[in-house]
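Here is what each chain is made of, one letter per residue.
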Amino acid sequence: MTDIRKGVLALIAACAIWGLSGLFYKALSDVPSHEVLAHRTVWSLVFFGFVLGVQGRLNMLWGAVANPVSCRVIAAAALLISVNWFLFIWSIQVGRATEASMGYYIFPLVAVLIGRIVLGERLSRLQWVAISLAAAGVLSLTIGLHILPWISLVLASTFGLYGLIKKRLDLGPVVSVSAEVLLLCPLGLGWLIYLHTGQGGAFGQDLTQSLLLMAAGPITAMPLILFSYGARRLTMSTVGIVQYINPTLQFLVAVLILGEPFGAAHMIAFAFIWLALAVYSSSAYTQDRARRRAVMVSEAEVVVSTKSSSDASAKP
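Residues numbered from 1 in each chain as written. Predicted model: local features only at pLDDT ≥ 70, side-chain atom pairs only at ≥ 80, totals over all residues. Heavy atoms only, no water.

S.K.: Which parts of the structure should I look at to understand the pattern of salt bridges?
M.R.: Between side chains of opposite charge, pairing is possible as soon as their charged atoms come close. The final tally for this structure, using the stated rule, is 2 salt bridges. Two residues, Glu 99 and Arg 96, come together in a salt bridge whose shortest N-O distance is 2.9 Å. On the basis of relative accessibility, which here comes to 15%, the residue Glu 99 falls in the buried class. (Salt bridge = Lys/Arg side-chain N within 4 Å of Asp/Glu carboxyl O. Buried < 20%, exposed > 50% of the residue type's maximum accessible area, 1.4 Å probe, protein only.)

S.K.: Where do I start with the side chain of Asn 246 in this structure?
M.R.: Position of Asn 246 among the secondary structure elements: in helix α11 (residues 245-257). If near-sequence neighbours (up to four positions away) are discounted, Asn 246 is found in contact with Cys 15, Trp 18 and Gly 19. (Helix = DSSP H or I, 4+ residues; strand = E, 2+ residues; numbered from the N terminus. Contact = heavy atoms within 4.5 Å.)

S.K.: Looking at this structure, how should I read helix α6 (residues 125-145)?
M.R.: Residue pairs three or four apart in sequence face the same way in an α-helix, which turns once every 3.6 residues. Taking 1.5 Å per residue, 21 residues should reach 30 Å; α6 reaches 30 Å between its end C-alpha atoms and fits that length. Residues Gln 127, Ala 130, Ile 131, Leu 133, Ala 134, Gly 137, Val 138, Ser 140 and Leu 141 constitute the buried set of α6. Following α6 by one or two positions, His 146 adopts a phi angle in the positive range, close to 60°. (Expected span 1.5 Å × (residues − 1).)

S.K.: Explain the side chain of Ser 70 to me, please; I cannot follow it from the model alone.
M.R.: Locating Ser 70 in the fold gives a position in helix α4 (residues 68-93). Not counting the four nearest positions on each side in its chain, Ser 70 is found in contact with Ala 64 and Leu 169.

S.K.: Please clarify how the nonpolar core should be interpreted in this entry.
M.R.: Soluble globular proteins tend to bury their nonpolar side chains together. The biggest cluster of nonpolar side chains holds 44 residues, and the ones touching the most others in it are Tyr 25, Val 36, Phe 48, Phe 88 and Leu 155. Among the elements of the structure, α1 (3-26), α2 (33-55), α3 (58-66), α4, α5 (97-119), α7 (150-166), α8 (173-197) and α9 (207-231) are those that each provide at least two residues to this core. With 10 residues, the top contributor of residues to this core is α4. Residues contacting Val 36, with those up to four places away along its chain left out, are Tyr 25, Leu 28, Val 31, Ile 89, Gln 93 and Leu 213. Residues Tyr 105, Ile 131, Phe 270 and Ile 273 belong to the second largest nonpolar core, which totals 27 residues. (Core = buried A, V, L, I, M, F, W, Y, C linked by side-chain atoms within 4.5 Å.)

S.K.: Where do I start with the packing of aromatic side chains in this structure?
M.R.: Each pair of aromatic rings is reported with the distance of its centres and the angle of its planes. Under the defined criterion, the tally for this structure stands at 17 aromatic pairs. When the ring of Phe 251 is compared with that of Phe 270, the centres are 5.0 Å apart and the planes differ by 40°; the resulting orientation is tilted. Of the two residues, Phe 251 is situated in helix α11 and Phe 270 in helix α12 (residues 264-314); the sequence distance between them amounts to 19 residues. For the pair Phe 251 and Phe 270, a shared accessibility class is recorded, and that class is buried. Connected via pairs of aromatic rings, a cluster forms that spans Phe 24, Tyr 25, Phe 88, Tyr 104, Phe 107, Phe 159 and Tyr 162. (Phe/Tyr/Trp six-rings, centres within 6.5 Å; stacked < 30°, edge-to-face > 60°.)

Printed below as a string of structure tokens:
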């Protein structure tokens, strides 16, 4: 099996786990969202610690959190990802998974907009069109339901800002997320101790439920490891297209399995969003092809130049 095929399969597996995770958190509906988040944090650290230990990279984790500069960046990223995780879990439990899926659909477009506003990145005409279509989708849903889809916007924004902050970290994705949960773990563990000594936590009350809470760690860690493995072996355009499996599965789970309502307002809004993603993906694919073509031409010119120099030096 080629590296490209392995990368595609790893990426599909990661996005499938993320896309179907709504079913996992729905099974924990009897456990408050804040308690699920605390368990997710603690057991993620256990799993990540095991993986890094096997790889012999625990020293990188300690080095990341020991550096005051990187530690501040990691703390900011940890705050954003904890908000994102909590809101996703809560939205699943209260029957608003459709809005959550919409958030992850518009996330790439929000990330592009953040790059324009914060980093001054230039956007193509098609990218502006895609952002405008996504905004039209959010507006249509707001008008149709008489409520701002704040869950979608907060999920997309926190994940977009999270990605922006991560640009400042010279760490791999597994090490950086491990460092984030390491900083969050004292809060999560402290909250669980408080619940179990006071109100009574869920862990230990039911075997199946307790095993599910422990499984929140691997459910969080495994797709990230698979995504990292796949992304290193594929072009960005391929990664960008394949990652839409995640919100698509979230959407299908919400509507077809969890039975959430999907009326005319949702249909119009998602039509705008899907059209926006089609335009954006087309633009990203075109830019990626142009970039690769430019690299190939540059490499070919270097080879020709080197060969000419060698030929010239070989002449008497």
